[in-house]
Structure formats: structure tokens, C-alpha cells
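Remarks on the overall topology
The lines below spell out each chain.
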Amino acid sequence: MPSVFICYSHKDEEFVDEVTHCIEFDTDLTINIDKEILRPGKSTPKEIFGKIRESEFFVPVLSLNWVESNWCHEEAESAVIEKIEKNTEIIPILKKDENFEEVMEEMEEWEEVFFEKLWVARFDENFNTALNNFIKEIGKKCDKTPKQIYSEMESSEDNPFRWVRAEQFHDPRKFRKYYAEPELQHLKNSRPLFLVGGRGAGKTMILKSLDPSFAISKEHAESWGQINLPIFGIYFKASRGSFSPVSKKFLDEISSNRQIFIDELLLRLSRTLLEILWDANKKDCIQISKSEEKEICRIFSSSLRLPSDVKNIDNLKNCISEEISKITDYVSSKERGENPSYLVNSLEIDRFKKLCKKILDELSSFSDKSYFCFLIDEYENLTEIQQEILNTLIKFHEGGIYTFKVASKPEGNETLLTLEQEEIEEGEDFDQISLDFNLNDKISRREYKQYVFRISENILSSENFEYTDITEILEDREEYREKNGETPEGLSLKEIDEEIKEIYNNRIPDKKWCEIATEKREETKDKMWFGAKFRLLGNKRCRYGGFDDFIVLSSGIVRRFVELCGLAYHFSIKNNKNIKDGEDDITIQEQTEAAYQLSKLRLSLIKKNVELYGPYIFDFVNDIGDIIHEKLMTHRSEPDSSRFKIRDPNKLKGMGIEISENGNQKEIPLNEIFSSAVTHSIFKRYGGKGSSWNKNVATTTQEYILNRIYAPALKISPWARWYIMIEPKKILNLLKKKEKTKRELIKKVRPSDVRDEEPLEAFTGVDDAKE
Amino acid sequence: MMQKNENLNIHLINDFNLKKRGNILITSSSFEERCLGSLNKIDGNEFQKAIIFTYEEPSEDRDKNLKKQKQKLNSLTQNGFEEIFTSSKNPLKGLDEFAQYLKNYSPKSTALTIDISTFTKRHMLLLVKTIEEHGFWENTTILYTEPLDYITNLFLPLSMGISSISTIPGFVSNTPSNLPLFLLIFLGYEGDRAYSLHSKMSPNTTKLIIPDPPYREEWRGRTKKMNKHLIKILGENKLDTAHSLDPYQVKKKLYELEKEHNFDKEKWVLSPLGTKPQTFGIYLFWRENKHSFSIVYASPLKHNVRFYSTGIGNTWVLK
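Conventions adopted
Residues numbered from 1 in each chain as written. Chains lettered and ligands numbered in written order. Predicted model: local features only at pLDDT ≥ 70, side-chain atom pairs only at ≥ 80, totals over all residues. Heavy atoms only, no water. Helix = DSSP H or I, 4+ residues; strand = E, 2+ residues; numbered from the N terminus. Buried < 20%, exposed > 50% of the residue type's maximum accessible area, 1.4 Å probe, protein only. Contact = heavy atoms within 4.5 Å. Areas by Shrake-Rupley, 256 points an atom, 1.4 Å probe, with all protein chains shown as cover. Patch = residues over 30% accessible without salt bridge, like charges linked within 9 Å, V, L, I, M, F, W, Y side chains within 5 Å. Salt bridge = Lys/Arg side-chain N within 4 Å of Asp/Glu carboxyl O. Lys, Arg positive; Asp, Glu negative; His and termini not counted. Charge placed at Lys NZ, Arg CZ, Asp CG, Glu CD. Buried area = accessible area lost by both parts, 1.4 Å probe. Polar contact = N/O pair within 3.5 Å; in protein donor to acceptor, adjacent residues only side chain to side chain. Nonpolar A, V, L, I, M, F, W, Y, C, P; charged D, E, K, R; others polar. Phe/Tyr/Trp six-rings, centres within 6.5 Å; stacked < 30°, edge-to-face > 60°. Lys NZ or Arg CZ within 6 Å of the ring centre and 35° of its normal. Core = buried A, V, L, I, M, F, W, Y, C linked by side-chain atoms within 4.5 Å. Pairing = 2+ DSSP bridges. Axes fitted to C-alpha atoms, helices over the stretch in contact; angles between N-to-C directions. Parallel < 35°, antiparallel > 145°, perpendicular 65-115°, else oblique. Expected span 1.5 Å × (residues − 1). Domains from an automatic or database assignment. Left-handed = near helix turned anticlockwise from the far one by under 90°.

For chain B, the helix and strand inventory stands at 9 helices and 15 strands. Scored against the burial criterion, the 319 residues of chain B give a buried share of 69%. Long-range pairs, those at least 24 residues apart, make up 85% of the contacts in chain B between residues at least 6 apart in sequence. Entry remark: accessible area of chain B is about 11,200 Å², with carbon and sulfur atoms responsible for 45%.

Encoded structure:
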């Protein structure tokens, strides 16, 4: 994202806030602005001039106050140097309510410097026109935004990696070709299973693979009877828009209304079951005779206590739909404060169980071993009461009748209680698999690599690529290094060794590098290699290339890996490469560009796509990124961090920040904000005590790992070896944009303030970067 | 601006005599000037009573307009007006009070006139649904005033961020949950909202509807430009148009789409980010296909008030 440095007098702060607020929310621009700097006694010139150097645009907010500010002049002088050396673009803004002639008269030599673009953003004339012009001007100098590039990639017919979502596969045959089955222990057995993973982890694909049509297609069979799979999948997506929304007030009256929700959910499950059975009959996957059809109608009618005599399946469908409509109408009238009447069906879990059993017994297409497997997608969209109902179904499932495979985002559970307020337990009542592979665990990392390898193999072979081995197509960074004796960034191996030695010698001054054992030296080199490289690179881009690098950057999320490949391929095609016929491979440069573009895009989407808390989480991630970056550049023994540990995380519940929602202020507890970040895979809860997808489990410390895809944009290392410790109070201050706290945290990671309690040998991270 | 001699099923208010049409006048307060649009054009008509919905969210401009509205309502009504407080965040608030008022009147002998110009789309849907459920549909007149212009530009949206995505109460489908999801978005000037909605819903198929013709010819292309990222991802072939002002043509378009995307084969989810008349058109379609689709609403995190409408354009009688 292009970055803009705003140079202004603090007396004009109100206007600047207004303008930057407008720009920030909509555009992809990074605004560099530091109000603290301009207050007397708090200047940090190094930081300011560093930011000016980093920015592509320098924007002085011209006014009489600006003219009088010596500090503003110093910043502008620095910018002029950058303009000469680096071609930094200067675009002045004239503040509203200023007199243009008066300001120009006072500008003296600056008028000449800014003359070229003085007409662009005249806020003294019309705010909106000025804003429009300003953004247009910035746009002229910018390359395509990451969003534009991503859009091009996704819409390109030639890009094999554009198929990133399960919903894109309309044709089960195509889906079968692309799909790679993960090695999941409990997927096809009769025990209820929770599949937990963030967006892009592949949950929907896995559930869809249990769909009867997929199974039949996979086995090249013609009907259900020909395949040996006992599970008959019933896919049920609890998408937004599926259920009546309910207010807290309505939920508070839950005791008398609870039955409504049970009725609604059981009716919807039944309706979907019926739909799938009848659809399978139409496609000849199963056969339902006329007499069986009649019996099904009778079974459903009696089990669901439907009011009228149902003659046929279409009639039955309408009847169930009608019952569902009565409920939604009742709920909406009740929400309006009216007193509607509704005769509840009073359905019970047991009746539903019996319904399933009778259907299985009745239909000759099902064997004695067959059972229904309800594939519930987007569990996190269900309300607490709906989850209780589902949990009850799970607790009282019977292996020979039905089971559940439930897909949910992390922390997507509102409750693990049943309707009887008993808790369902992992191991006892259900199994759980995390699809967000933990790259810090060797076994999990290996499984992920194998999984992703097979997926890319399927993609490439479906698209008739000459080489279907993704490792052959992606130029590898390590191989480059071995072949050329230097890194793709042009650093020699000797340089890096020297840097490692320097770090070590600074760290332990009384023990020199040459005095330590060879084995220890090699071990140290392994641990410090990336950190040393980043330090030598400074602000230059780190290069990423090869299957292993993409594995790390994807952070254990399948979709991220596919997107990285997609963008890398996109850039290779722009460079007229022929990857498909095997003539070329995707270079490290193209892969690096893909990594940075996807990183910037994913970072920018935090504030736009995360409901309610997006802008706050975005700011927090950037702040943590700055702190970790400082550590990377300066810490003597623990450079590579993208983990942070919170001491006493339960305190987060008692702390909150005020957020504005449509003009209204409300206080949000920090734990909710963190939970949202985990649900959206911005952070991942990492290892440690009490880690669980159940967000209600209390812990003494909680560690989070930042999604590694942000590493390029944040200029930190994606190899998350060490952590930084943060107190809840500091997190609160960061979210409240208290610059002082951020400075303190940055200072803390620098050498002079580090207590160095842990010796180099005793670092706590699993060896992340190596195989 | 569109003129009356176009092939429309709606009429300019100048052509319409409201004398026999109004017992109760219903309107809403707003920071947008056009909340006064209909009121200024129905002089000479007399209502028994008026109801004004006032949104709770603070706004100086709204308060200024409200003062003028109240003066106008006093002059238009025999028995003055009632003020109902509501919230753009929770439009259900106040609807119970409204429903209670309706119970004081007989649907057969009472005519309602509603100016929907400055209700939020969500609120408008709930309001007309309430009115219909209480039996007042046949004798209801719907008025809508166009803005003269939008103080916006092609780079900045009317709103920012996403606060939540939820179904509008009562507008929930009863179709099976295994059907592939068909997302139909009526596009407006809020590209971020549409983009986020699409991203969150993960539909199997999407259709994007652009209002056409635009209220003013010089606005042509704005909607497309403000939604360029979503259009780019999905492809131009996912674009379609629906009339910006005539809700009956919108209903017709929806029926055409239903032939292609059958309710029995796809789970419809509709999002009204377009014009208010289009949203009313969606309601017309809803009442003939109840519970065949859901209507979802993406609440923005913050409205960019500065970039809303300005001025008072034509006033139309939509029903």
C-alpha cells in the first residue's frame, strides 16, 4: 500500500483528523501521522525522518500555522531531499477556511517548491472536490492496488489456482478432480466430529466430500447401492440469512420461547433431509418406490406433527415449509412487540431420531449399515440456543441412525451445553480436528505439506500442466542459495555468518564465537540465520521462493497457499512465461511479489471485512508488527518473533474500549475483540496451557501467533520462533492508541532494556524454520 | 431527472390528487433535505393525523429538518402528529408503538400515506410489512422523493466498514439449507459493503443489479465504478440492471431472474443496497413469494454523513 506522510501543525489537528479519517477508511493508503511528535518535549526526530523516508508521498497541510512552524519546515526540507533522491511525490493540501492568497504570501520559498501541485487539493474551496482530486492525484502515481491485482488473478480463466472456494465448484466431477482428501482419522466414522478452522481451511470442501453425489462420482458408480459407504451425507449450511434473527430481549424470554427454536431447527433439518433424499431419487442415486414415497410422507407427517394429510412429496415439502414460515412470522411479530399466537409443534430430539430411523428402515436403498450424517456448515452462525439444540443432538446421537460432522470457525462456539445444560465433552461425546495446521509442530507441518502438495498436484493435473509437482514449478530460495552461494537478495553466506557472529558476541560478551563448540555454533547459526538476514537487509525486501516458503507464509491455511500460487502464477504470465508446458518456472521474484501483494491485501481487508472490530484489530496488528519489527532488527538473541503472549488473559474480559457504532458509543470487552481476531484467523491461539477451541476455558497465559501472511507487509519474519510478552493493560493502551505505550514496548525489545533472562540455549520455540 | 412520460407504472405527485387518499400520514425525520420533499408538495391535502419516526442517532441537520417537518405536519393535519422514536440500528424499536396506533383505525376505512424517502431500507421493509399484516395494504399510498444530487465522488463511499450482517426480521426463507446459495445484490454507492457482503456470504452464484436508468444521466456509470472490485472478481456477465425508480419493473425483473435461478434449485439471498424504490420493488416480489428468499442487511460501521444526498428532486407516487 502506498504510504503518505502528513506534515502539519498541531494547531490544525482537527482538520487533519477529518481528512485522514475520510481517506483511511476507504483507500488502501497507509497514513503516517504522529501527533505526539509535534508537542513540545516529545520529539523523536529519528522516527519522524524515518517515516518521511519510507513514504511514497509527502503531504504538507498548508496554512498560516504551517508557515509559522519551524518543525514543519524541517520535515519539508527532509521531504525535498527525498524527492530529489527517491522521487518522493509532494502533494500539498490547502486547509479549509484559509485564505489562499494570504497563505501564499507567507509561504516565500516554499511556494516555489510546492507550486507544481498547489492547485490539486484546495480545501479552502470545496472539501469534496479537493478530497476527490487529492485521491486521484495519488492514484496516478500508484501501481495497481493489491485488490485490483487479486481481482485480476481470480477472474483470469487461465489461472489454475483461481479456484479458491468450495462454492466455485458447481460441477461435482470438477470438484472430485480438484479435491484432495486430508488424512483425518475421524472423518468417516460414526462419531460426531467438529472440524475447526478459519476461512480457507477447507472445511466446506471436506464436508462436501461426504455428500452422496461426490461419493458416487468418486467411485464411478451409478447409484448409492453400489458403493460401500455407510454414511449418507446431508449437507446443511447455517449461512447468514438461514434463520430468523432474534434480539437479546427476545432471548431473555427464552424459557417460554425455547420450544420455538427447537421446532424451527428440527423442521429445517427435516426439510433438508427430505430435499436431499428426493433429489437423490431424481438423480437415480437411490430409488424410492411409490409405496415408499407414501410411507415417507406418513413418517414425516406424524413425526413432525404436521397438521394436514399429506399426499405426496411436493405436498410434504410445502407443508414443512409452511410450518417454518409460521415460526419466522411469529418471531418477527413478537420482536415487534406484538402478541401473536402460535401453536408450537413441540418437537423433541427423540422424535427426530425416530424419524431418521424410520426413513432408514423404510427405504430399501439403504442397508442395515447405512446412517445419516448431518454435515453442518458454518456452525458459528448459529445462536446460542440453536447450538444447544445441536449439541443435544450430538450428545444423544446413535451411531446406527445419525451422526454429525460440524464445521466451525475457531471460537465459533457460543456454548458447549445441551438443552439440559450438560456440557458435551471432547473425547466423550465428540471428536475435534483442527484444520488450521500448526506449523510449529513437526507432525502437523508434515501433514499440511503433504495435504497441500496433493491439492496442488490435483489442480495442476486437472488443468493439464506438464509438471504437476508444485515444487518443480516454484523456484526454490534454498536451492538458489546453494547454487549461487548467495541469497536471492544478493547477500553472501559469509556476510550472514559474520552477522550471526556479531549478534552472538554482543549477546554473550564473555564467551567468544570462536570458543564455542562446533556443534553449538552450527545450532546457533540455524537459529539465528533468518534474523541475521533480516538485519542485513534492513528496509529492503526479503525474498520468498519455493514450496517451503509458501507453506510458512500460508500459516497452515490451504486457501492462503492456493492464493499465493495463484498470484505468483499471475505475475509469471504477465512476464510472458510458459509454466503450463514446463518451459519456465515461477521465479523467486514473481513469488516474492505475490507474497507482498497478498500480504498487503489480507492486512487491508482486516478493517473492511471484520465486523465491528475490524479497524481496531487492524491498528493493533500494525502496532504489534512495529514492535516485532524492532525486535527483529535489534534484539540480541530472539529476533524472529510473530508470537505474543498475554499474561493473565482473563483480565481481558474486564477491560474494554469504547467503540462508535453508527453514532452510538458502546464498550466492548477486549476478550471479544481477540476472539473475533481468532475467528477471522488474524491470530491463532498457539500451544500453551488451556488452548482449546472453547474460548471459555480459563488460562494463566495465552499465546497467540500472528497470521504469517502479514509478515511481508509488516516487515517481520514469518518464522515465529520467539514470543513477546504483553500485559492486558498494555493491550488496552495500544487499542486506545496511546503512543507512549507503544514506544515503551518498542523500547523494551531493544538491547539496552532486555533483561536477557533466557540464555540462547534455552529458547522455548520449536525449531520453526527447519524440516 | 426522469419524466412522467416515460413508460413507468408510477406517477409524479403533481398528477396525483391525494385528497381522498390520506387519513394518516407517515414520515421520518432525517438529515437529508428531501425528508421535507413530499410534505412541501401535498399542500391542500388534509390528514387526520400524522406519525413521524425520529431516529435516535444524534444529528444537528436532522434536528433542523425535524423542526420544519413538525411545523408542516401541524398545518397538514387536523389532530397533529405523534412522534415515535426509533433507531437505525434497531428499526424494530417503535414498530410496536406504531402497530398499536394502527389498531385504533379500521383498515377498510382508513387510508395511509407513507413517505419512504428517508426511512432506512430495512426500516421501510419492516414498516410496509407491518402495514400489510394489519390489513392496510389496499388503502396505502407510497411516496418517494428523489434527491437532487449526491454530495459524493467516485472515490469515497456513503459508508465505511461493516458492523454486522443479519437477516431482516420476518424476511427469512423456508427453503432447504442444502441448496446452493444464490446471492442477489442490488448495488448502490457502497462498494465496500457489497464487497464485504459477498466475501462473508460465500455464495455459489451471484448476480449484481445496477439501477438503470440513473436518476440523472450524469450519474450514469457511478454505481459500476464504485463497485469495480466486486464486478472485476465476478465478471461483467454477472451484471444486470433493474429500474431505479419503478418498483413494478423491479418486480418483473425478479420474476425473470427466478426463471433462471429457480427457488426450488437455489437458496436465494437478496441484499438491497440500491435505491429505495428498488427495495420497495423487492417487497412487492416478496409479498407474492413469501419466504422463498431471505433479505439480508449489512449494517455499516459508520455513515459518511457528509457524502449523502442534497436537495429535493421529484416526488413520485410508487403505489
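Additional details are given in the paragraphs that follow.
With that settled, the discussion passes to a negative patch on the surface. Residue and element names in this part refer to chain A. Together, Glu68, Glu74, Glu77, Glu102, Glu105, Glu106, Glu108 and Glu109 give the surface a local cluster of negative charge. Broken down by secondary-structure element, the contributors of at least two residues to the negative patch are helix H4 (70-86) and helix H5 (100-107). Looking at which element gives the most residues to the negative patch, the answer is H5, with 3 residues. Relative to the elements of secondary structure, Glu77 occurs in helix H4.

Below, the discussion takes up the interface of chain A and chain B. Buried accessible area, meaning the area lost when the parts come together, often serves as the stated size of an interface. At the interface, 64 residues of chain A touch 59 residues of chain B. Across the chain A to chain B interface the summed buried area is about 5,700 Å²; carbon plus sulfur atoms make up 51%. Here Asp329(A) and Lys129(B) are joined by a salt bridge, their closest N and O atoms 3.9 Å apart. Linking chain A to chain B there are 16 residue pairs in polar contact (both at pLDDT 80 or more). Broken down by element, the side of chain A that touches chain B gets its largest block of residues, 9 residues, from helix H15 (residues 313-335) of chain A. Along the lines of polarity and charge, the residues of the side of chain A that touches chain B split into 15 nonpolar, 25 polar and 24 charged.

Right, let's talk about unusual backbone geometry for a bit. Residue Pro213(B) is reached from Asp212(B) by a cis peptide bond, and omega for that bond is 0°. Within the secondary structure, Pro213(B) sits in the loop between strand E10 (205-211) and helix H6 (222-226). The phi angle at Lys737(A) is positive, at roughly 60°, despite the residue not being glycine. Summarising the element assignment, Lys737(A) is placed in the loop between helix H30 (728-735) and helix H31 (739-748). On the basis of relative accessibility, which here comes to 52%, the residue Lys737(A) falls in the exposed class.

Attention now moves to the packing of aromatic side chains. As enumerated under the stated definition, the model contains 57 aromatic pairs over all chains in all. Site record: aromatic cluster; members linked through ring pairs are Trp137(B), Phe171(B), Phe182(B), Tyr255(B), Phe263(B), Trp268(B), Phe280(B), Tyr283(B), Phe285(B), Trp286(B) and Phe293(B). When the ring centre of Phe100(A) is taken as origin, the NZ or CZ atom of Arg122(A), which lies over that ring, is 3.7 Å away. Taking NZ or CZ as reference, Arg193(B) lies 5.4 Å from the ring centre of Tyr297(B), over its face.

Ranked by internal contacts, the top residues of the largest apolar core, which has 147 residues, are Val621(A), Phe644(A) and Phe683(A). Apart from residues no more than four positions distant in its own chain, Phe644(A) is found in contact with Phe620(A), Ile624(A), Phe674(A), Phe683(A), Gln702(A), Glu703(A), Tyr704(A), Tyr723(A), Ile724(A) and Ile726(A).

What follows covers the sheet that holds strand E17 (residues 722-726) of chain A. All names here are of chain A. Taken together, the 4 strands give an open sheet; going across it, the order is E15-E16-E12-E17, and neighbouring strands pair in mixed fashion. At either margin of the open sheet sits one strand with a lone partner, and together these are strand E15 (683-685) and E17. In this sheet, adjacent strand axes meet at a mean angle of 30° when their direction is disregarded. Sitting on the sheet, helix H28 (residues 670-679) is in contact with strand E12 (641-647), E15 and strand E16 (701-706), with an inclination near 100° to E15.

At a minimum axis separation of 10 Å, helix H25 (residues 588-609) of chain A and helix H5 (residues 191-201) of chain B run at an interaxial angle of 100°. The angle between the axes of H25(A) and H5(B) places the two elements in the roughly perpendicular class. Across the interface between the two elements, Leu605(A), Lys608(A) and Asn609(A) of H25(A) pack against Asp192(B), Tyr195(B), Ser196(B), Ser199(B) and Lys200(B) of H5(B). By residue class, the composition of the contact of H25(A) with H5(B) is 2 nonpolar, 3 polar and 3 charged.

The next thing to look at is the pattern of salt bridges. Taken as a whole, this structure holds 71 salt bridges over all chains when the rule is applied. Between Asp431(A) and Arg191(A) there is a salt bridge, with its nearest N and O atoms 2.7 Å apart. With Asp431(A) in strand E11 (residues 431-434) and Arg191(A) in the loop between helix H9 (172-178) and strand E7 (193-196), this residue pair connects regions lying 240 residues apart in the sequence. Classification of Asp431(A) by relative accessible area gives buried; the value is 9%. Classification of Arg191(A) by relative accessible area gives partly exposed; the value is 27%. In this structure, the salt-bridge partner of Asp240(B) is Lys253(B), at a minimum N-O distance of 3.0 Å.

Residue and element names in this part refer to chain B. The first and last C-alpha atoms of helix H9 (residues 276-288) sit 19 Å apart over 13 residues, in line with the 18 Å expected at 1.5 Å per residue. Judged by how many residues are buried, H9 sits mostly within the fold: 11 of 13 residues are covered. When H9 is considered as a whole, its buried residues turn out to be Lys276, Pro277, Gln278, Thr279, Phe280, Gly281, Ile282, Tyr283, Leu284, Phe285 and Trp286.

Moving on: the domain arrangement of chain B. All names here are of chain B. With domains assigned, chain B is organised as domain 1 (3-149 + 310-317) and domain 2 (159-303). Here the C-alpha centre of domain 2 lies 25 Å away from the C-alpha centre of domain 1. Across the contact, 27 residues belong to domain 1 and 30 residues belong to domain 2. In this assembly, domain 1 packs against domain 2 so that about 2,500 Å² is buried in total across both faces, 67% of it on carbon and sulfur atoms.

Residue and element names in this part refer to chain B. The geometry of helix H8 (residues 247-260) relative to H9 is characterised by a closest axis approach of 7 Å and an angle of 55° between their N-to-C directions. Here H9 runs oblique to H8, going by the angle between their axes. As H8 runs across H9, the sense of the crossing is right-handed. Contact residues: H8 offers Pro247, Tyr248, Val250, Lys251, Leu254, Tyr255 and Glu258, while H9 offers Pro277, Gln278, Phe280, Gly281, Ile282, Leu284, Phe285 and Glu288. Residue classes in the contact of H8 with H9 are distributed as 10 nonpolar, 2 polar and 3 charged.

All names here are of chain A. Within strand E8 (residues 231-237), 7 of the 7 residues are buried, which leaves it mostly tucked inside the rest of the structure. Residues Ile231, Gly233, Tyr235 and Lys237 of E8 are buried on one face, and the alternating residues Phe232, Ile234 and Phe236, pointing to the opposite face, are buried as well. Relative to strand E9 (residues 371-377), E8 is paired through 7 bridges, and the arrangement is parallel. Among the inter-strand pairings, Phe232 is bridged to a residue of E9, identified as Phe372.

On to the sheet that holds strand E6 (residues 140-145) of chain B, then. Residue and element names in this part refer to chain B. Overall, mixed pairing links the 7 strands, which are arranged E1-E15-E6-E5-E2-E3-E4 in an open sheet. Every other strand in the sheet has two partners, leaving strand E1 (11-12) and strand E4 (81-86) as the edge strands with one partner each. Direction of pairing for strand E2 (residues 24-28) relative to strand E3 (residues 49-55): parallel, over a ladder of 5 bridges. Along E3, the bridge assignment pairs Ser28 with Phe53.

This part takes up the pairing of E16(A). Remark: a regular strand shows side chains that alternate across the two faces of the sheet. All names here are of chain A. Counting buried positions along E16 gives 5 out of 6 residues, so the element sits mostly inside the fold. Examined bridge by bridge, E12 and E16 share 5 bridges and lie antiparallel to one another. Residue pairing in the sheet places Arg647 in a bridge with Thr701 of E16. Summarising the sheet, E15 and E16 pair through 3 bridges and their orientation is antiparallel. The residue bridging Arg685 from the neighbouring strand is Tyr704, located in E16.

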